[in-house]
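Working through the structure, step by step
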Amino acid sequence: MAARREVWHARRWNLPFWPLAVVVVVALGMWGFASLGPDDSGGPAPQPLGPLQVTYRTLRLFAFEFDLPPGAGVPPQLWIAAFAAPLLTLRGIARLFREQLSGVLTHYLVRPRLVVFGANEGSTALVAAEPRPGRWRDAIVVVDPDPAALEAVGAPRVWTVRGHGANVESLRRAGVLRAASLVVVTGDNTRNSAITAAVLDLHPPPLADLYVEVAEPGLARTLEQGGHRVGVETVPFSAPVLAAAAVLDELEAGRRDAGRPPLLAAEDGGAGATIVLFGTGSLVDAVVLELHRRRQIQLLGDPETAHAAPRVVLLGPDAVARRHSLGVLVGTELQLLPLDAYDVRLDQVVELDMETARHLSRSRPLRQVLVLAPTDLDGGGIAITLAGHLGPGARIVLVTESGSTPFGDEIEEQSRISATRAEVVLRRVPQLAYRLPVLQGERLADRLGRALQASDDPGAGPGAWNSLAPADRERHRRSARERVAAAGAGAVPLRRSALVAAGPAEIPLLEALGFDRPTALARAGLGVDFQAVTALLPAARRLLTTGHDAAFGAWCEVARLLTAADDLAEVQPERSADPAAGDVRNLVLLRRAGLRDADARILLRLPESDADPPGGVATVLFAGPSDGPDVLSLLEPALAGPPLRAVAPPGRLRDELARRGVRLGDVDLTTRRQGLAAWAAVTAAGRTERARAIVLPGAAAEDVLLARALGAMVGRLDGPGAPDLSHVLLNGATGVVPLPRDRMTVRAFLRPGGWPAALRDRREPIAAELHRRYVARQRARKRQDDIALQPWPALSPWLQRSNLAVVDDIPAKLAAVGLRLDDDPTAAADSAVAAVLRDHTELLAELEHGRYTAERLLMGWTNGVRDPARFLSPHLQPWTELDEEAKEYDREVVRDLPEVLARHGLAIRAAAGPASAGAVGERGDGVGQQLRLPQPLDDVQ
């Protein structure tokens, strides 16, 4: 934005009008005083004035002094100078104290209907699109700290105030408290948010709507909530997003008028349409996300269109990287809109290069071609080249973020008169997005009202809303406001620009809140934020009252999101004869018990137990009916060592676990009550957060929701064709770790390593030494500014924790090959130990990779091109799928262990007993004891 502002100012041509006016007035005055003649009284002519006297008397005109000799007549030029000089003086005084005068006038006299913060192309377009005020008090005020920028937006009835707008004084000078609308478009997110915060802090708050340009969705949500708290409707918006919607609406309207199928409709043969996007920058992201949103609406309205997904081809200098970033943002939902990306140059002129032409040829038939670029110069050349390549009959839409330029106008004009080229239609973001009616259409009631109208009349085109009578538009807005009020008197937070439309798990909750048409919400780009308890709790209560099957799952989310036992006690349902209400009550009691609520433990008849599970071994629950042999093979390393405590469903898996010595609770997990009883057993045995839940293929969504709600670590082993939990679960797959089908990752997830408490003081020095060796090796492999290559004191806390986790798992690795730690460095070295380490390097490296993968997945990392700052790693996959270079990283850690441990007074010895995967020397009493179930939960009502 700042760069665009500099270019914009460079194009301005400011004539020195006022200095020229002063020169002309001085010349006229000197001419007049030099030409004095007698007056009309007939007296003698005055003595001619000398040059100094002429100059002196001329300059006194600017001090409101008209000093004529006695009997002198006044020539016409002197009259002109006599009147013009005081006006120039007043103008200079006003110019000198412009800020103070302007602030005083706008503060006390002007009643602005629009105050704009920021003087740039956006505000210029906004001011130009507004009709001129009818009265001088009914004005537009523009606020900016840059006087040159304020000069550029000057126009009749447009008042300018110099200031930052981030403090009370500058806001009052701008007349904010009397304004009808406020628009913040400085071009900088930080400044925009600071101005918005200052406006919301005013007492009393302004009565105006507040429109804020924000690029970050998280910041937009924060500002929106801040406005809600003080009663000011704060409407965040993104100019590229508004422009993308406007362009696609125009294309849809044109296709409708021409009798052609909609933009995302399938071709005649049933194949999906192909839309080609050339370009770079934020406009590309905005168009892709808007197409993605429209695809979701299409699927909600007509699920039969799922087989003919439209295809988007992205071509540009950073197309591949942009597609990856969009995939990270949208996740698996991006699959609804297949997106192919190819890196090509945008500076192709005259002819397309062979690679670009090949991509276009493979993409035919083309439904639409768009060129999206920051400026006309960035996108104009490729647009002209495409026009010649595609030929007459095609239509290319060129969308730029810059304002009007002669080059862009020439492109459009030449394409219009050419008979051998495709037509190029130019659209500019400032003219599309920066208009007050467009911003007003982003208000909550307007968006939802427009969507309700589109649902009532699905055959109407994109422009139907604007053609409605004002009374009809207000009727739809009123209907939207009533729905929001019925949902909870405005307490239910609606999120804007929702990337994901309502899924099957959310629809019952939306209906319970009064949003009976989820498609309308998606069409409006809105969604209820069920991560907020203020929205979730009313829906859960209404579902429970009506006996809906989704009530228990909704209450599971309430239990997960409320992390204070006192808060849970306040929302807990009363005792009821309804079995569903009883289950919900027991669920909330279990969550309270897991949060150390003594009253809940008494009601559940659970014994007091604040101790960790013996030997650090957690209880494992297996959810799902899978009996596949692959599951058993994945569990093989985790079953070695001290017996696990587990709960499993009936079947082959349960039988095999019993044969391996796993202590199983006497629960079959076939009903909700059995599941609650199993979790009561876990809670009675120790801390719930130390428990692990393995979700097997075929597990019910309710089992996952229950495990997640009670604070367990939940890992999921997916099988072929398994449903995507982000679609199935309420609030998506948050808190569910997708475990790769890798045996050592499963082992690390189920049996987290533990460093002996007696050696706690050596833990961090060992981690620092391992990190130093890693840095020394990786300097030749990675960039020098890589955040993972910082020295230990400067290393980020999460990377330090990652190195400490390597140390914590050392005893478990050694135990897996029959070794142990020894803190007696005087004992003689054992050659047999060295042989064991050498012979088992590959196994130990595989164990380290499994630990690394589990640790990263638990921290929220995902698989992708390496970027530690964004928690992306290409190595979160099974050991068998790693390349040799990645495996060598793990082998290097294993080879470092003997020397590093020795440097810190530790040795590796042969274990006295059989190999164990638990913590060294800490099996503890009670490991593997039978789980005891408490009083049946049916009786706790």
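Above this text is the structure in question.
Read on for a plain summary of the structure. (Residues numbered from 1 in each chain as written. Predicted model: local features only at pLDDT ≥ 70, side-chain atom pairs only at ≥ 80, totals over all residues. Heavy atoms only, no water.)

Next up on the list: the overall build of the chain. Each helix and strand in the chain was counted, giving 40 helices and 26 strands. Counting contacts in the chain only where the partners sit at least 6 residues apart, residues at least 24 apart contribute 72% of the total. Looking at the chain as shown, the accessible area adds up to about 41,900 Å², and 56% of this sits on carbon and sulfur atoms. (Helix = DSSP H or I, 4+ residues; strand = E, 2+ residues; numbered from the N terminus. Contact = heavy atoms within 4.5 Å. Areas by Shrake-Rupley, 256 points an atom, 1.4 Å probe, with all protein chains shown as cover.)

Bringing unusual backbone geometry into the picture now. For the peptide bond that leads from His203 to Pro204, omega is -5°, which places it in the cis range. Within the element layout of this structure, Pro204 appears in the loop between α9 (189-200) and β7 (209-213). Here the amide bond leading from Arg364 into Pro365 is cis, since omega sits at 0°, within 30 degrees of zero. On the secondary structure map, Pro365 appears in the loop between α14 (354-363) and β12 (368-373). Unlike most non-glycine residues, Arg596 shows phi in positive territory, near 70°. Structurally, Arg596 is set in the loop between α27 (579-594) and α28 (598-603). Residue classification places Arg596 among the partly exposed positions, given a relative accessible area of 37%. (Buried < 20%, exposed > 50% of the residue type's maximum accessible area, 1.4 Å probe, protein only.)

Another aspect to go through is the sheet that holds strand β11 (residues 339-343). Overall, parallel pairing links the six strands, which are arranged β11-β10-β9-β12-β13-β14 in an open sheet. Of all the strands in the sheet, the pair left with one neighbour each is β11 and β14 (423-428). Across the sheet, the mean angle from the axis of one strand to that of its neighbour is 20°, orientation sign disregarded. Across five bridges, the pairing between strand β9 (residues 274-279) and strand β10 (residues 311-316) is parallel. Opposite Leu277, over in β10, you have Leu314 as the bridge partner. (Pairing = 2+ DSSP bridges. Axes fitted to C-alpha atoms, helices over the stretch in contact; angles between N-to-C directions.)

Let's shift gears to the layout of surface pockets. It is a probe the size of a water molecule, rolled over the atoms, that shows where empty space is left. A volume near 680 Å³ is recorded for the second largest pocket. Tyr774, Lys782, Tyr852, Arg856 and Tyr889 are, among the 33 residues lining the second largest pocket, the residues nearest its centre. Elements represented by at least two residues in the lining of the second largest pocket include exactly α35 (763-778), α36 (797-808), α39 (841-858), β25 (872-873) and α40 (884-903). Taken together, the residues of the lining of the second largest pocket sort by class into 14 nonpolar, seven polar and twelve charged. (1 Å grid on protein atoms, 1.4 Å probe; cavity = no way out; pocket = protein on both sides within 12 Å on 5 of 7 lines; lining within 4 Å. Points joined across faces, edges and corners; volume = space filled by probe spheres on them. Nonpolar A, V, L, I, M, F, W, Y, C, P; charged D, E, K, R; others polar.)

You can see Asn803 is positioned in helix α36. Every residue in contact with Asn803, bar those within four places of it in the chain, is listed here: Ala767, His771, Trp792 and Leu795.

Time to look at the nonpolar core. Counting residues in hydrophobic clusters, the biggest one holds 69 residues, and the most contacted among them are Phe530, Trp555 and Trp679. Once residues lying within four places of it in the same chain are set aside, the contact partners of Phe530 are Arg495, Glu506, Leu509, Leu510, Leu513, Ala535, Leu536, Ala539, Leu561 and Asn731. One finds Val620, Met744, Ala845 and Leu901 within the second-largest nonpolar core, a separate group that totals 60 residues. (Core = buried A, V, L, I, M, F, W, Y, C linked by side-chain atoms within 4.5 Å.)

Here α40 contains 20 residues, and its C-alpha end-to-end distance of 29 Å stays within 8% of the 28 Å for a straight helix at 1.5 Å per residue. The largest bend in α40 is about 40°, located at Leu897, with the proline Pro898 one to four residues further on. Against the buried residues of α40 lie α35, α36, α37 (810-816), β23 (819-822), α39 and β26 (907-910). Downstream of α40 by one or two residues, Gly905 has phi in the positive range, about 75°. (Expected span 1.5 Å × (residues − 1). Bend = angle between axes of the 7 residues up to and from the residue.)

Attention now moves to the sheet that holds strand β8 (residues 234-237). Overall, parallel pairing links the six strands, which are arranged β5-β4-β3-β6-β7-β8 in an open sheet. Across the chains shown, the open sheet's two edge strands, defined by having one partner strand only, are β5 (158-162) and β8. In this sheet, neighbouring strand axes are inclined to one another by 20° on average, regardless of whether the strands run parallel or antiparallel. Here β7 pairs with β8 via four bridges, running parallel.

If you check α27, its first and last C-alpha atoms are 22 Å apart, about what 16 residues at 1.5 Å a residue would give, namely 22 Å. Counting buried positions over the 16 residues of α27 gives 14, a clear majority of the element. For α27, the N-terminal capping position is held by Asp578, with its side-chain oxygen 3.1 Å away from the main-chain nitrogen of Ala580. In the stretch just after α27, Arg596 is the one whose phi turns positive, near 70°. (Polar contact = N/O pair within 3.5 Å; in protein donor to acceptor, adjacent residues only side chain to side chain.)

On the surface, Phe64, Leu87 and Leu90 cluster together into a nonpolar patch covering about 330 Å² of accessible area. Here Phe64 is to be found in the loop between α3 (51-60) and β2 (72-73). Looking at Phe64, the relative accessible area reads 49%, which means it is partly exposed. (Patch = residues over 30% accessible without salt bridge, like charges linked within 9 Å, V, L, I, M, F, W, Y side chains within 5 Å. Salt bridge = Lys/Arg side-chain N within 4 Å of Asp/Glu carboxyl O.)

Here the focus is the pattern of salt bridges. Per the counting criterion, the structure on display carries 47 salt bridges. For Arg294, the salt bridge goes to Asp249, with nearest N and O atoms at 2.8 Å. You can see Arg294 sitting in helix α12 (residues 282-301) and its partner Asp249 sitting in helix α11 (residues 239-257), a full 45 residues away along the chain. You can call Arg294 buried: its relative accessible area is 16%. With a closest N to O distance of 3.1 Å, Glu884 and Arg891 form a salt bridge. By relative accessible area, Glu884 is classed as partly exposed at 49%. The class for Arg891 is buried, based on a relative accessible area of 10%.

Before going further, it helps to spend a moment on the packing of α27 against helix α31 (residues 672-685). At their nearest, the axes of α27 and α31 sit 10 Å apart, and the two run at 15° to each other. With respect to α31, the axis of α27 lies roughly parallel. Note that α27 runs across α31; the crossing there is left-handed. Between α27 and α31, the residues in contact are Pro579, Ala580, Asp583, Asn586, Leu587, Leu590, Ala593 and Gly594 and Arg672, Arg673, Leu676, Trp679, Ala680 and Thr683, respectively. (Parallel < 35°, antiparallel > 145°, perpendicular 65-115°, else oblique. Left-handed = near helix turned anticlockwise from the far one by under 90°.)

Here the focus is the pairing of strand β21 (residues 713-717). Burial within β21 is extensive, with four of its five residues counted as buried. Bridge analysis of strand β20 (residues 692-695) against β21 gives four bridges, and the strand direction is parallel. Bridge assignment links Ile694 to a residue of β21, and that residue is Gly715. A crossover connection joins β20 to the parallel β21 through helix α32 (residues 701-709); in handedness this β-α-β unit is right-handed. Bridging between β21 and strand β22 (residues 736-739) involves four bridges; their strand directions are parallel. Counted as the bridge partner of Gly715 is Val737 from β22. (Right-handed = clockwise from strand over helix to strand, strands pointing away.)

Before going further, it helps to examine the packing of aromatic side chains. Evaluation of the coordinates by the stated rule reveals three aromatic pairs. Across from the ring centre of Phe552, 4.4 Å away, lies the NZ or CZ of Arg672, which sits over that ring. If you follow Arg692 out to its NZ or CZ, it ends over the ring of Phe749, 5.7 Å from the centre. (Phe/Tyr/Trp six-rings, centres within 6.5 Å; stacked < 30°, edge-to-face > 60°. Lys NZ or Arg CZ within 6 Å of the ring centre and 35° of its normal.)

As a further point, take the pairing of β12. Counting buried residues in β12 gives six out of six residues, a clear majority hidden from the surface. Strand direction decides the pairing type here: β9 and β12, joined by five bridges, are parallel. Residue pairing across strands places Val276 opposite Val369, the latter belonging to β12. As paired strands, β12 and strand β13 (residues 395-400) are joined by five bridges and run parallel to one another. From the neighbouring strand, Leu372 faces β13, where its bridge partner is Val399. For the segment spanning β12, helix α15 (residues 376-390) and β13, crossover handedness is right-handed.

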